[in-house]
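Analysis of the macromolecular model
What follows is each chain in one-letter form.
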Amino acid sequence: MRPDAIAPPPLLTVPLRTSRPANLIHQSQFSFTTGSQSGNDNSSMPPSPSFSALDTMGSEYVCSQETSQGEEDDEEIEEEEDASGERGHYAIVEDACLLRLFKRCQECGAGVDQSLIEIKRCGSARIVRYDCLNPECNASVKWESQEKVGSGRSRVYSANHSIPIAAFITGTPLPRLCDFAQVLELEIPSDRQMRKTIREIGSIATERVFDGWQEISRELAVNVAGDKGLQVSIDGQYDSPGHTSTNGKVTVIDCETKLALAGVAKSKNDPGIDGVSCRIESEGAMEAIIELVDRNINIR
């Protein structure tokens with residue numbers, strides 16, 4: 001084994017992000033000896049570093065003298081950004097870092113007393129307010145981290161609208177999303193507000209899109225199956241595990257084309273379920289099958 005292939009113990013292994021390969025151990029730091037010992041031929045054994053070399057080699061990792069490790073990390077991050085060519089619509093910013101952007105008044109450029117800056121939270125949005133102390137300016141500045149969408153009293157900050165809708169269309173349970181945000185100390189809309197957004201906006205818009213694609217999927221599945229009829233599978237998903245679920249969704253899928261043919265959302269408060277969560281899937285499956293049969297779709 002070559003000296004430059006010596007690896008540190010597993011617990012000390014740290015991936016190095018550098019712009020060029022880093023040599024952990026330089027060959028010039030070693031002096032090698034070969035020969036026989038106790039009459040045995042060790043010519044096939046790899047050379048070993050002498051103790052004198054090990055005493056003077058110092059740390060196993062030698063930083064480059066040209067750039068620091070921090071500079072190399074920055075170069076790597078910039079390279080990743082340039083390679084992707086895409087930027088997200090939102091970014092996570094700490095409040096302490098946000099304050100650095102308001103060292104000067106945005107109207108006149110005069111210095112701003114950081115202790116007088118007020119930061120309010122509205123779900124995922126931040127609202128920064130301050131009064132300029134420059135007598136020639138004397139402006140009251142309000143800065144918002146997000147644009148508002150909607151109209152009238154329904155205007156909300158864009159991410160407060162997008163977060164629950166994204167959770168809804170990806171099937172992310174809201175309790176798990178809230179737990180994630182709490183662990184990360186990330187501000188998001190309240191559970192109550194997100195459910196209201198999904199109920200008043202997300203459900204209606206998604207149903208319109210879903211109905212259009214559902215008709216196309218059904219027509220394709222029927223044409224592929226022909227006279228033999230469709231063979232389907234049924235699966236249910238709940239908003240939380242166990243018998244405490246409040247809402248559930250049942251999907252009917254064509255086994256041949258793998259297309260979703262019907263989807264039914266049920267609540268434990270719906271008639272026939274009577275508050276029993278385990279009935280959500282059976283009642284939803286029956287409703288979905290009846291819907292397909294009423295549309296003259298042959299199921300075998």
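As the structure is a prediction and not an experimental result, all values here were calculated from the model.

**Section: the overall build of the protein**
When helices and strands are counted, the protein shows seven helices and ten strands. When the 300 residues of the protein are sorted by exposure, 23% land in the buried category. Long-range pairs, those at least 24 residues apart, make up 48% of the contacts in the protein between residues at least 6 apart in sequence. Entry remark: accessible area of the protein is about 21100 Å², with carbon and sulfur atoms responsible for 52%.

**Overview of the environment of E136**
By secondary structure assignment, the location of E136 is in the loop between β4 (125–131) and β5 (140–144). Under the relative-accessibility criterion, E136 is labelled exposed at 76%. Sequence separation between E136 and C108 is 28 residues; the distance between their C-alpha atoms is 8.6 Å.

**Brief notes about the pattern of salt bridges**
For side chains bearing opposite charge, pairing can occur when the charged atoms are close. One pass over the structure, following the stated rule, counts 13 salt bridges. Residues E215 and R218 are paired through a salt bridge, measuring 3.7 Å at the closest nitrogen-oxygen approach. Of the two residues, E215 and R218 are both situated in helix α6 (residues 191–225); the distance of three residues between them amounts to about one turn of the helix. Residue classification places E215 among the partly exposed positions, given a relative accessible area of 37%. Judged by relative accessible area, which is 3%, R218 ranks as buried. The network of salt bridges with shared partners includes E215, R218, E291 and R295.

**Overview of a nonpolar patch on the surface**
There is a patch of nonpolar side chains on the surface, built from I92, F180, L184 and L186 and spanning about 410 Å² of accessible area. Relative to the helices and strands, L184 is located in helix α5 (residues 174–184). Its relative accessible area of 46% is what places L184 among the partly exposed residues.

**A short note on the sheet that holds strand β8 (residues 232–238)**
What links the strands of a sheet is backbone hydrogen bonding, and the strands pair in either a parallel or an antiparallel sense. One open sheet holds the three strands; their spatial order is β8-β9-β10, and the pairing between them is antiparallel. Each having just a single partner strand, β8 and β10 (260–267) make up the two edges of the open sheet. Across the sheet, the mean angle from the axis of one strand to that of its neighbour is 15 degrees, orientation sign disregarded. The strands touched by α6 within the sheet are β9 (247–254) and β10, with β10 carrying the most contacts at an inclination of about 155 degrees. Against the sheet, helix α7 (residues 279–294) touches β8, β9 and β10, its axis set at about 140 degrees to β10.

**A short note on the packing of aromatic side chains**
In total, this model carries two aromatic pairs according to the counting rule given. By way of ring pairs, the aromatic residues F102, Y130 and W143 are connected into one cluster. Its end group placed over the ring of Y157, K148 keeps NZ or CZ at 5.0 Å from the ring centre.

**Comments concerning the sheet that holds strand β3 (residues 118–122)**
In space, the three strands of this open sheet follow the order β3-β4-β5, with antiparallel pairing throughout. At either end of the open sheet lies a strand with only one pairing partner, and these are β3 and β5. Each strand axis lies, on average, 20 degrees off the axis of its neighbour in the sheet, ignoring direction. Pairing geometry for β3 and β4, over five bridges, is antiparallel. Bridge assignment links C122 to a residue of β4, and that residue is A125.

**A look at α7**
Helix length check: α7, at 16 residues, gives a terminal C-alpha distance of 23 Å against a target of 22 Å (1.5 Å per residue), a fit within 8%. Within α7, burial applies to I280, G284, A285, A288 and L292. The buried residues of α7 occupy an angular sector of 120 degrees when the element is viewed end-on, so they sit on one face. Turned more than 90 degrees away from the buried face of α7 sit M286 and D294, all of them exposed. Phi turns positive one or two residues past the end of α7, at N296, with a value near 60 degrees.

**Some words on the packing of α5 against α6**
The axes of two packed helices give the description: the angle between them and the distance between them. Their axes nearest at 11 Å, the elements α5 and α6 cross at an angle of 140 degrees. The pairing of α5 with α6 is recorded here as oblique in orientation. Classified by chirality, the crossing of α6 by α5 is right-handed. Facing L174, P175, L177 and C178 of α5, the residues of α6 in contact are D191, M194, R195 and I198. In terms of residue class, the contact of α5 with α6 is made up of six nonpolar, no polar and two charged.

Quick notes on the rules
Residues numbered from 1 in each chain as written. Predicted model: local features only at pLDDT ≥ 70, side-chain atom pairs only at ≥ 80, totals over all residues. Heavy atoms only, no water. Helix = DSSP H or I, 4+ residues; strand = E, 2+ residues; numbered from the N terminus. Buried < 20%, exposed > 50% of the residue type's maximum accessible area, 1.4 Å probe, protein only. Contact = heavy atoms within 4.5 Å. Areas by Shrake-Rupley, 256 points an atom, 1.4 Å probe, with all protein chains shown as cover. Salt bridge = Lys/Arg side-chain N within 4 Å of Asp/Glu carboxyl O. Patch = residues over 30% accessible without salt bridge, like charges linked within 9 Å, V, L, I, M, F, W, Y side chains within 5 Å. Pairing = 2+ DSSP bridges. Axes fitted to C-alpha atoms, helices over the stretch in contact; angles between N-to-C directions. Phe/Tyr/Trp six-rings, centres within 6.5 Å; stacked < 30°, edge-to-face > 60°. Lys NZ or Arg CZ within 6 Å of the ring centre and 35° of its normal. Expected span 1.5 Å × (residues − 1). Arc of directions from axis to C-beta. Parallel < 35°, antiparallel > 145°, perpendicular 65-115°, else oblique. Left-handed = near helix turned anticlockwise from the far one by under 90°. Nonpolar A, V, L, I, M, F, W, Y, C, P; charged D, E, K, R; others polar.

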